[in-house]
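The residues making up each chain are set out below.
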4 protein chains.
Amino acid sequence: MYGSIFGTIFRFSTWGESHGKAIGAVVDGCPAGVPLCEEDIQKFLDRRKPGQSRFTTQRKEADQVEILSGVFEGKTTGTPISMIVRNTDQRSRDYSEIAGYYRPGHADLNYDIKYGFRDYRGGGRSSGRETIGRVAAGAVASKVLEELGISVTAYTRSIGPIAVSPERFCLEEASRNSLYMPDAAAASEAAEYLNTCMKETDSSGGVVECIINGVPAGIGEPAFEKLDAALAKAMFSIGAVKGFEIGEGMNAALLKGSQNNDAYRMSENGKVVKKTNHSGGITGGLSDGSPVVLRAAFKPTPSIAAPQETVNRDGEDIQISIKGRHDPIIVPRAVVVVESMAAAVILDAMLAGMTSRMDRIRSFYDLP
Amino acid sequence: MYGSIFGTIFRFSTWGESHGKAIGAVVDGCPAGVPLCEEDIQKFLDRRKPGQSRFTTQRKEADQVEILSGVFEGKTTGTPISMIVRNTDQRSRDYSEIAGYYRPGHADLNYDIKYGFRDYRGGGRSSGRETIGRVAAGAVASKVLEELGISVTAYTRSIGPIAVSPERFCLEEASRNSLYMPDAAAASEAAEYLNTCMKETDSSGGVVECIINGVPAGIGEPAFEKLDAALAKAMFSIGAVKGFEIGEGMNAALLKGSQNNDAYRMSENGKVVKKTNHSGGITGGLSDGSPVVLRAAFKPTPSIAAPQETVNRDGEDIQISIKGRHDPIIVPRAVVVVESMAAAVILDAMLAGMTSRMDRIRSFYDLP
Amino acid sequence: MYGSIFGTIFRFSTWGESHGKAIGAVVDGCPAGVPLCEEDIQKFLDRRKPGQSRFTTQRKEADQVEILSGVFEGKTTGTPISMIVRNTDQRSRDYSEIAGYYRPGHADLNYDIKYGFRDYRGGGRSSGRETIGRVAAGAVASKVLEELGISVTAYTRSIGPIAVSPERFCLEEASRNSLYMPDAAAASEAAEYLNTCMKETDSSGGVVECIINGVPAGIGEPAFEKLDAALAKAMFSIGAVKGFEIGEGMNAALLKGSQNNDAYRMSENGKVVKKTNHSGGITGGLSDGSPVVLRAAFKPTPSIAAPQETVNRDGEDIQISIKGRHDPIIVPRAVVVVESMAAAVILDAMLAGMTSRMDRIRSFYDLP
Amino acid sequence: MYGSIFGTIFRFSTWGESHGKAIGAVVDGCPAGVPLCEEDIQKFLDRRKPGQSRFTTQRKEADQVEILSGVFEGKTTGTPISMIVRNTDQRSRDYSEIAGYYRPGHADLNYDIKYGFRDYRGGGRSSGRETIGRVAAGAVASKVLEELGISVTAYTRSIGPIAVSPERFCLEEASRNSLYMPDAAAASEAAEYLNTCMKETDSSGGVVECIINGVPAGIGEPAFEKLDAALAKAMFSIGAVKGFEIGEGMNAALLKGSQNNDAYRMSENGKVVKKTNHSGGITGGLSDGSPVVLRAAFKPTPSIAAPQETVNRDGEDIQISIKGRHDPIIVPRAVVVVESMAAAVILDAMLAGMTSRMDRIRSFYDLP
């Protein structure tokens, strides 16, 4: 395996297992001179922390971050930023059961085939706790973007069949309910739906939406490193994502060109603007100056207490019922993960995009 | 810009503009000993060639490939395989019009911002002809996979609102109609729909689906290099893709865990099999032994003759009507592009996945 | 900056400053199933630890490693291995002096230009303590290689003008003296030479040599990823290296073809062997079955107490005398760094080299 | 195999065999707006072309380059630049002899082990003709650097025991003799030495030196992507290089700190300058504002007519005498190859180095 390193210029490496000693990330390639402190990271980690509502696992983790390097006198130095979160609630229960069979919807079987064995304690590296490293790194990226006047905001768009209504959409509301839905009515309807799922010892899927404002036009690269391609990879690298959309997304397939094209007009202050944003802020793989709009669909939590058919390591058909502290839905805690990965991609593309023009290189290096 | 190189072990570099001298690809990292000839590549290129039906541009291009390196005595040698396709029909028409304004739904404006100027002839590098390099490289990957017993098959799943019916689904049919739809009735309905679009000087979107059989379980890497993440990036790197799905895709968000999980059972010949394939062949980012199933949604062709609002380089609001030889739909010719990119991803992941286990490394190098 | 990540398949990310909280490394891409414990790493770190003799800095650091992830039940799992070493002796002295000027032979000025400011405490990231991360990662690589029957051994070849004599060469001796010289007489002569240097408040350069036994033939890649190119980069990435050689090295320029070519012969047990090893085990960028032999020349420690001319941040010419706990020679402590980087390169190349032949891929995946 | 792609931002892919149809390179990541024409490339290729003197192979190749993409109206567009050189003199002689045995000093045996078979015609991809792709790509890099006021100049420093004298050093002279030596007397002495080698059916090694003027300070990255590390890899990736030095090189090992350190002083126009350049323009892995000075040692041409011992594919000891058109020395034709690789590294590092400071990023994107 290799695969725990993300990005080209702004690159980070994440590590850690659910029941290991700690989890963390190392960010390489962060520009120097960015104000950064542990609180900047902690705010992000707190949003993915378990135990925020009755719809998240009751595992108790402080998820307290420590910055170990890369910051001097309150600013990034350009050297790698190492961040660590100690695991504290590694409940010493018996894992022999889970070790012996393959949970449906999980990668247990695939890991055994790939590596010969696996760290079965709480899912090991394939646990949702793996996202702590992403969120820590993404918090750094978000801080850099914030300094550059770019904002990344994600929220829950739907839970099972309950979607946010465009009419009631209110971004501030998203931070007021524990489901992170920007629509109070939808949030309470969704809470009811989740209650039903939990009673049925079942779980639910959902969709996270993310909007990025302030991205300059021309970010991303043609061909294989398109901005939307990088975002697609980032989102699909989050466990449980099964669908990804930019702008009109899958719906674009149903439209006609006259419906889907965004007309250009001159704004009053002499800038080129788009009248609509069907493109979701990316045209031809490059940012087009409009807000970037993306959506990621998450499958329902695979760990359910309802009885399921599977096989054990001895090759026998068995029936199981998965115990433990599992979220009935992944989406609310995934909101900040989506935001973090999106921030990392946008920043990386902005840094990589600084070399496209001779005139700019010359002025950058103050050359004649 | 950088961004015309794809892959990690099986890597290819593509190049060429719509109205340049030629278009091509260089494949680095192909294993040695694979039988390969120009006909293997040509078969793929012929499927994306213009002029196959009245629904594709009438530009006349032979799109004849020449292999320039990397093959000796009919087999790959392990050295880079360079392939070239000369452009022959570069109609010498006046491009001053298109050079002067920004086409809606295209990246003209973004390119000007990014690079300071652009090769406006036929879209330059952002033309659909860019995919010739991908298809050539993908044909090589497909050939390698074929030798390994793995097949990659794509087809048109829907055109505008007309979708293939599961009941009438017949894979052989896909190669019998010019829309590549595995359902004869849907194909003729779609043809009618496209006729209407063309009469309205409009265009249509659609969906390509791809099924990959024979992928061993355990392919892909955890964290950021998940197999589905790599496929997502590959598909979104194709111009005009706005949505991507694996298995249940966006629909997974509507399901409950008990509906979406795939149960495991022992098969009669003692193998672990899944009873269903909601996962689309990938669980936890690793192939799970079932067929890989993916879908990419393409937006409608942005170049339409219908009048559109835009601005010109002088910053004036204007109205335009785009002339030229444009496909009313991208999807039928994109089928082989999807197939090519999917093949490249699967092969790359298989090669990268050979280093995960100590026991296998030891036996590979014949070490004690 | 980006640049703290090394390797392609066996990749590691290092982090940490001289006077930060800790220093560490994250190894991504280590095969699963390798027995590994902290003692395996500690043995390596102890060899680069300060205070082993009077020729090394008197800074007191335990340099105790903790493995935080990637190992389960005593074996690597294939997931990232995070290792951390806490800094303990960060003497709270006044750094305002060093902060204000540019030390000759150091990168102070370059860092200020590149990043706008720098962490001046003990050299920050450009301190020799940066090598702790390399050594930790290299210890993992060495362990994997050891399991595969490959050994990497470095030692001091020369200190200033005092070189190991081929006649007296005795590898075991290298671990018996604190200068790591495989020649007891040369070691005591070198100790005297260093004493003189120290009396003169001066420092000395030297050469490290490394021999790698057991590398299978055919490792490395043609063109840009030659095995010797990868080793050259690895060695030059160690601070203070100014020259690098494989086999005959710079001397090859003086030889004739008839002197430099290694003749092939059949051995008694039917293997192809080389009669000589002028090539240093690498021909055409690929390992040729003979031991790999490399040398790296280290410049003298730039921090000397002798008076030196330099400028300060206010742009004034000044004279300085650098105080502090500095090694009069880098070489003895660099021996294990060279060994570590060499091990990482060889392992990475072995893993990357598993995809060159179709027949082997087929058998690896058990395909027909 | 993978390994024919070089660089991070300015990346190129090379391809082609000695006796294939053509050889070429694709440059990805070249900034837009650089004036470029075929003549810019041809000038470089002409310097490595065979047949320039009696000391180079008499193979007749026009080595005429054609640019196929990436240039529009005389300027680079930022898209990949594809360049092709057709092979014309592929003498149809019988290669069965060379196919059957392993030439000493060549990689024949290693290739057979790695790939199972090889293209034996003229060395295939391991032929010196592989450098055509490097030179074409390097010519593009040189052109960009020239536009930025940076010059890269290489020449022959020594041939066998005959070295350029510092007293007689005259750079202009290097372009006046076919050995590219900046010292007329040394050049004629070296010509005599080569005549002797040829009479003895033997060959000679030598050293190429390269000086790069105008590199801004702060280029390169700390840790693993040091500027000297990148140069070391680039030089060692050229076939036949066995040693590499920056500044004092191997000699630094013999010096004391007081001898090797470069003192800083303020220049009359208020700039920080170094009084000496023992560092060779790179300190701590970053350019220090002085000229970059590097040397690469080339082994003698391994193909010699003098009798040699080797084995054949049937495992028999044999004696051979290699026929064909071989250079008695690699160095004079390698001069432009060294220059090309150096140019590519410097440009790549300059582009990658544009992201280190927050203030610069902000001003680059015109952000508040």
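Criteria and thresholds
Residues numbered from 1 in each chain as written. Chains lettered and ligands numbered in written order. Predicted model: local features only at pLDDT ≥ 70, side-chain atom pairs only at ≥ 80, totals over all residues. Heavy atoms only, no water. Phe/Tyr/Trp six-rings, centres within 6.5 Å; stacked < 30°, edge-to-face > 60°. Helix = DSSP H or I, 4+ residues; strand = E, 2+ residues; numbered from the N terminus. Buried < 20%, exposed > 50% of the residue type's maximum accessible area, 1.4 Å probe, protein only. Lys NZ or Arg CZ within 6 Å of the ring centre and 35° of its normal. Expected span 1.5 Å × (residues − 1). Polar contact = N/O pair within 3.5 Å; in protein donor to acceptor, adjacent residues only side chain to side chain. UniProt positions renumbered as here; feature names shortened; annotations may be inferred. Contact = heavy atoms within 4.5 Å. Least-squares fit on C-alpha atoms with pLDDT ≥ 70 in both. Pairing = 2+ DSSP bridges. Axes fitted to C-alpha atoms, helices over the stretch in contact; angles between N-to-C directions. Salt bridge = Lys/Arg side-chain N within 4 Å of Asp/Glu carboxyl O. Buried area = accessible area lost by both parts, 1.4 Å probe. Nonpolar A, V, L, I, M, F, W, Y, C, P; charged D, E, K, R; others polar.

Just checking my understanding: could you explain the packing of aromatic side chains for this structure?
Ring pairs (aromatic) are described by centroid distance and by the angle formed between their planes. Scanning all chains against the criterion turns up 36 aromatic pairs over all chains. An angle of 85 degrees between the planes, with centres 5.4 Å apart, marks the rings of Phe12 of chain C and Phe224 of chain D as edge-to-face. Placement of Phe12 of chain C in strand β2 (residues 11-16) and of Phe224 of chain D in the loop between β10 (206-213) and α6 (227-236) is noted, with the two residues assigned to different chains. For Phe12 of chain C, a relative accessible area of 1% gives the class buried. Given the relative accessible area of 0%, Phe224 of chain D is considered buried. Between Phe224 of chain C and Phe6 of chain D the ring centres are 5.2 Å apart and the planes differ by 55 degrees, which places this aromatic pair in the tilted class. A residue pair is termed interchain when its members come from two chains, as with Phe224 of chain C in the loop between β10 (206-213) and α7 (227-236) and Phe6 of chain D in strand β1 (residues 5-6). Among the aromatic residues, those joined into a ring-pair cluster are Phe6, Phe10 and Phe12 of chain A together with Phe224 of chain B. Against the face of Phe44 of chain B rests Arg47 of chain B, its NZ or CZ located 5.6 Å from the ring centre. Residue placement shows Arg360 of chain C over the ring face of Phe364 of chain B; its charged tip is 5.1 Å from the ring centre.

I would appreciate a short explanation of helix α5 (residues 184-199) of chain B in the present structure.
For the α-helix, the turn length of 3.6 residues means that residues three or four positions removed from each other point alike. Residues and elements named next belong to chain B. Spanning 16 residues, α5 covers 23 Å between terminal C-alpha atoms, matching the ideal 22 Å at 1.5 Å per step. Residues Ala186, Ala187, Ala190, Ala191, Tyr193, Leu194 and Cys197 constitute the buried set of α5. Residue Asp183 occupies the N-cap position of α5, its side-chain oxygen lying 3.0 Å from the main-chain nitrogen of Ala185. A positive backbone phi angle near 45 degrees is found at Thr201, which sits one or two residues after α5.

Would you explain the UniProt feature "binding site: NADP(+)" (unreviewed entry) in chain A in this entry?
Residues and elements named next belong to chain A. Under the feature "binding site: NADP(+)" (unreviewed entry), the UniProt entry names Arg48 and Arg54. In this fold, Arg48 is placed in helix α1 (residues 38-48). When residues no more than four places from it in sequence are discounted, the contact partners of Arg48 are Asp63, Gly128, Arg129, Thr131, Ile132, Val135, Arg333 and Val336. Residue position: Arg54 is located in the loop between α1 and β4 (65-67). The residues touching Arg54, leaving out its near neighbours within four places in the chain, are Ala191, Asn195 and Met198.

Any chance you could explain the relation of the copies chain A and chain D here in plain terms?
Both copies of the chain are related through a single rotation about an axis accompanied by a shift along the same axis. After a rotation of 180 degrees and a shift along the axis of 0.0 Å, chain A superposes on chain D with an RMSD of 0.0 Å. In the structure described here, the two chain copies are related by an operation that fits a two-fold rotation axis. Here 100% of the contact residues of chain A are again contact residues in chain D; the copies associate through an equivalent surface.

Just to check I follow, could you spell out the sheet that holds strand β3 (residues 22-28) of chain B for this structure?
Whether parallel or antiparallel, the strands of a sheet pair through hydrogen bonds between backbone atoms. Residues and elements named next belong to chain B. Pairing is antiparallel in the open sheet, where 5 strands are placed in the order β1-β2-β3-β7-β4. Two strands in the sheet have a free side with no partner beyond their single neighbour: β1 (5-6) and β4 (65-67). As paired strands, β3 and strand β7 (residues 81-86) are joined by 6 bridges and run antiparallel to one another. Each bridged residue has a counterpart across the sheet, and for Ala25 the counterpart in β7 is Met83. Here helix α4 (residues 131-147) sits on the sheet in contact with β2 (11-16), β3 and β7, set at roughly 35 degrees to β3.

Looking at this structure, how should I read the pattern of salt bridges?
Any two side chains of opposite charge can pair if their charged atoms end up close together. Applying the stated criterion across every chain yields a total of 120 salt bridges over all chains. For Arg103 of chain D, the salt bridge goes to Asp108 of chain D, with nearest N and O atoms at 2.8 Å. The pair formed by Arg103 of chain D and Asp108 of chain D is uniform in burial state, with each residue classed as buried. Each of the salt bridges in this network shares a partner with another, and the network as a whole consists of Arg103, Asp108, Asp112, Arg118 and Arg313 of chain A.

What is the right way to read the interface of chain D and chain C from this model?
Many analyses report the size of an interface as the accessible area lost when the parts associate. With 107 residues of chain D at the interface, the matching set in chain C holds 107 residues. Summing both partners gives a buried area of about 8,700 Å² for chain D against chain C, and 58% of it is carried by carbon and sulfur. Our enumeration of links across chain D and chain C arrives at 12 salt bridges. Close ionic contact of Lys114 of chain D with Glu221 of chain C constitutes a salt bridge, the shortest N to O distance being 3.3 Å. At the surface where chain D touches chain C, the tally comes to 53 residue pairs in polar contact (both at pLDDT 80 or more). Broken down by element, the residue count for the side of chain D that touches chain C peaks at 7 residues, all from helix α3 (residues 108-115) of chain D. Here the side of chain D that touches chain C is built from residues that sort into 47 nonpolar, 34 polar and 26 charged. As judged from the 3 bridges shared by strand β11 (residues 241-246) of chain C and strand β11 (residues 241-246) of chain D, these two strands associate in the antiparallel manner. Across the sheet, residue Glu245 of chain C finds its bridge partner in β11 of chain D, namely Gly243 of chain D.

How do you make sense of the sheet that holds β1 of chain D when you look at a structure like this?
Residues and elements named next belong to chain D. Across the sheet, 5 strands lie side by side as β1-β2-β3-β7-β4; this open sheet has antiparallel pairing. Of all strands in the sheet, those with a lone pairing partner are β1 and β4 (65-67), marking the two edges. Along the sheet, helix α4 (residues 131-147) contacts β2 (11-16), β3 (22-28) and β7 (81-86); its crossing angle with β3, the most-contacted strand, is approximately 35 degrees.

Would you take a moment to explain the relation of the copies chain D and chain C for this structure?
Placing chain D over chain C gives an RMSD of 0.0 Å and needs a rotation angle of 180 degrees, together with 0.0 Å of translation along the axis. Comparing interface residues between copies, 100% of those in chain D also sit at the interface in chain C, which points to an isologous, same-surface contact.

Mind showing me how you'd approach unusual backbone geometry here?
Peptide bonds are, in most cases, trans, and in most cases residues other than glycine have a negative phi. The backbone of Ala223 of chain B sits at a positive phi, close to 60 degrees, despite the residue not being glycine. The residue Ala223 of chain B is located in the loop between β10 (206-213) and α6 (227-236) in this model. Of the residues examined, Ala223 of chain B reaches a relative accessible area of 5% and is grouped as buried. Phi at Asp366 of chain D is positive, roughly 60 degrees, even though this residue is not glycine. Inspection of the secondary structure assignment puts Asp366 of chain D in the segment after α9 (358-364).

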